[in-house]
Amino acid sequence: AGAWRRGAVQEKQPFGESSGSGGSPAEDATLNLDLPASMPLSASPNVPLATVKNLRDLASVEGSEIRPRRFFRMGYPSKATDDDMRVLREELGLKTLIDLRSDKELCMDDQVDCSPYYDHFQSLRRSRATTEWYNFCMETIPEPSNTHAQESLGKKAVKKAAKKVKSKVRGTYRKPVKVEDPTLGPAPGPQRLLISIMDEATYKKGVLVRLRKRHQALVTFMLIGGIFSKRLYEKARQLVLDYVNDGGLPLLNDLLLSYSGEELALILKVVSDRTRHPVGLYCTAGKDRTGLITMLILSALGVPDEALLNDYILSDTAYKDLNDNKAMVGALEQQNLDAETFLRAPREVMETTLAQVREQYGSVNNYLDAIGFDAAWRAKLKDALRGE
């Protein structure tokens, strides 16, 4: 691990129910992706760990002026080996983990509640439905009485997850214990903050709003009719799928920016708290949601587009490097997405996202103002990442 130091310095149906028979895609499917081979480690700032992939210090970004060991972007660390854990704990010393994954993705991670790497972290989860914080354990995901979880995951997924929890984790469902918002003060110690920034319900809402009015009415009619007709339901689902696959990652970034501003601002404020450093930010592969937040951070610091784009494309092989078929399927299950479009990180994705933000808001800083991460907060972010 020493080589990296200074020199390098989606249940397949989008509306919840599966129309097929047999096991889940994660259990039955095999993804064969013709992705490019990883670049040589000597040419990459990524920390070369065995199972935690796409991990790099943002100090490696040219012109960022970020001090080493303040902020790391990464793939999920649940399956860290003993050697990986030694690097994460002793060499990197991560104090705050920010997990961006949805409830569905958490349910697919069989180590999310029992990985020894998480043992010394206090794990706290923020509910997207209520914005309240709870102690996290798998017995509380999903919350059976939470209609938002039912809508987001689908009734079938809720039942399956509850069964999995009972058989594979420990005990039965426990009511989550509410805690005070941990972001309101300095961290008392190592914390893992689970802050989901997107779920299927939000995807569906955002896509429906963006469909042309003619298609909006048609999809709404079909969904209502789909209660009684599987054929109408499938037609509505396909219209939405076609729109999402055509829009690609820029569309999903646009949905995140439009519907998750509160969560994005909260995460940026956590990163602005020097007492919480070093911070490790991740989703599944550390590519899309992590990449979008990284873009916001680098833009707030005034890093040139070329440098942040160069950092983004380093994640182009993240899923191939992860070598985890279940994780790949989980990523695609968010909306039954096309693998070639959604498991890559081409330069034009972030170029398009930056252009869209500037067209709609005038600048990235104007967008940050709009979500509550204003100039004063940006000054705190700069001081936290660049100061002594």
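Residues numbered from 1 in each chain as written. Predicted model: local features only at pLDDT ≥ 70, side-chain atom pairs only at ≥ 80, totals over all residues. Heavy atoms only, no water.

(A) Region of interest: the overall build of the protein. Along its length, the protein carries 17 helices and eight strands. Each of the 388 residues in the protein was classed as buried or not, and the buried ones make up 56%. Here the protein displays about 16700 Å² of accessible surface, and carbon together with sulfur accounts for 51% of that area. (Helix = DSSP H or I, 4+ residues; strand = E, 2+ residues; numbered from the N terminus. Buried < 20%, exposed > 50% of the residue type's maximum accessible area, 1.4 Å probe, protein only. Areas by Shrake-Rupley, 256 points an atom, 1.4 Å probe, with all protein chains shown as cover.)

(B) A look at the pattern of salt bridges. For the structure on display, the rule yields 21 salt bridges. The shortest N-O distance in the salt bridge between Asp-311 and Arg-73 comes to 2.7 Å. With Asp-311 in helix 11 (residues 305-313) and Arg-73 in strand 2 (residues 71-74), this residue pair connects regions lying 238 residues apart in the sequence. Comparing Asp-311 with Arg-73 shows no difference in burial state: the two are buried. Of the charged contacts in the structure, one is a salt bridge between Lys-287 and Asp-288, with a shortest N-O distance of 2.6 Å. (Salt bridge = Lys/Arg side-chain N within 4 Å of Asp/Glu carboxyl O.)

(C) Quick peek at the nonpolar core. Counting residues in each nonpolar core, the largest one holds 59 residues, and the members touching the most others are Ile-98, Ile-267, Val-271, Ile-293, Ile-297 and Leu-368. Broken down by element, this core gets its largest block of residues, eight residues, from helix 8 (residues 230-259). Discounting residues that sit within four places of it in the chain, Leu-368 has contacts with Leu-268, Leu-296, Ala-300, Phe-373, Asp-374 and Arg-378. (Core = buried A, V, L, I, M, F, W, Y, C linked by side-chain atoms within 4.5 Å. Contact = heavy atoms within 4.5 Å.)

(D) Structural detail: the packing of aromatic side chains. Using the criterion set out here, one finds four aromatic pairs in the structure. Ring geometry for Tyr-117 against Tyr-118: centres 5.9 Å apart, planes inclined by 50°, an arrangement best described as tilted. Arranged with centres 6.2 Å apart and planes meeting at 25°, the rings of Phe-373 and Trp-377 form a pair that is stacked. A cation over a ring is seen here: Arg-192 above Tyr-118, with NZ or CZ 3.7 Å from the ring centre. We note Lys-380 situated over the ring of Trp-377; from NZ or CZ to the ring centre the distance is 4.2 Å. (Phe/Tyr/Trp six-rings, centres within 6.5 Å; stacked < 30°, edge-to-face > 60°. Lys NZ or Arg CZ within 6 Å of the ring centre and 35° of its normal.)

(E) Just the environment of Cys-137, in detail. As for its position among the elements, Cys-137 is in the loop between strand 5 (133-135) and helix 4 (147-153). Remark: the alpha-carbon pair of Cys-137 and Val-177, spanning 40 residues in sequence, is separated by 10.0 Å.

(F) Structural context of the sheet that holds strand 5. The mixed open sheet is built from eight strands, whose spatial order is 1-2-8-3-7-4-5-6. Bordering the open sheet on either side are strand 1 (56-57) and strand 6 (178-179), each of which pairs with just one other strand. (Pairing = 2+ DSSP bridges.)

(G) Focus on the confidence of the model for the protein. On average, residues of the protein carry a pLDDT of 79, and 71% of them reach 70 or more. Taken together, the stretch residues 1-42 has pLDDT below 50 and engages in 107 contacts with residues farther than four places along the chain or on a different chain. Below pLDDT 50 for its whole length, residues 143-155 participates in 30 contacts with residues either more than four positions away or in separate chains. (pLDDT = per-residue confidence, 0-100.)

(H) How the structure looks around the packing of helix 10 (residues 289-300) against helix 15 (residues 347-361). Two numbers describe how helix 10 lies on helix 15: the axes approach to 12 Å, and their chain directions differ by 55°. Taken together, the axes of helix 10 and helix 15 are oblique relative to one another. The interaxial crossing formed by helix 10 with helix 15 has right-handed handedness. Taking contact as the criterion, the partners of Gly-291, Leu-292, Met-295 and Ser-299 in helix 10 are, on helix 15, Met-350, Thr-353 and Leu-354. (Axes fitted to C-alpha atoms, helices over the stretch in contact; angles between N-to-C directions. Parallel < 35°, antiparallel > 145°, perpendicular 65-115°, else oblique. Left-handed = near helix turned anticlockwise from the far one by under 90°.)

(I) Expanded view of unusual backbone geometry. Going from His-277 to Pro-278, the amide bond is cis rather than trans, its omega being 0°. Mapped onto the secondary structure, Pro-278 falls in the loop between helix 9 (261-271) and strand 8 (279-282). One non-glycine residue, Glu-65, adopts positive backbone phi at about 60°. Tracing the backbone shows Glu-65 in the loop between strand 1 and strand 2. Relative accessible area serves as the criterion here: at 58%, Glu-65 is assigned to the exposed category.

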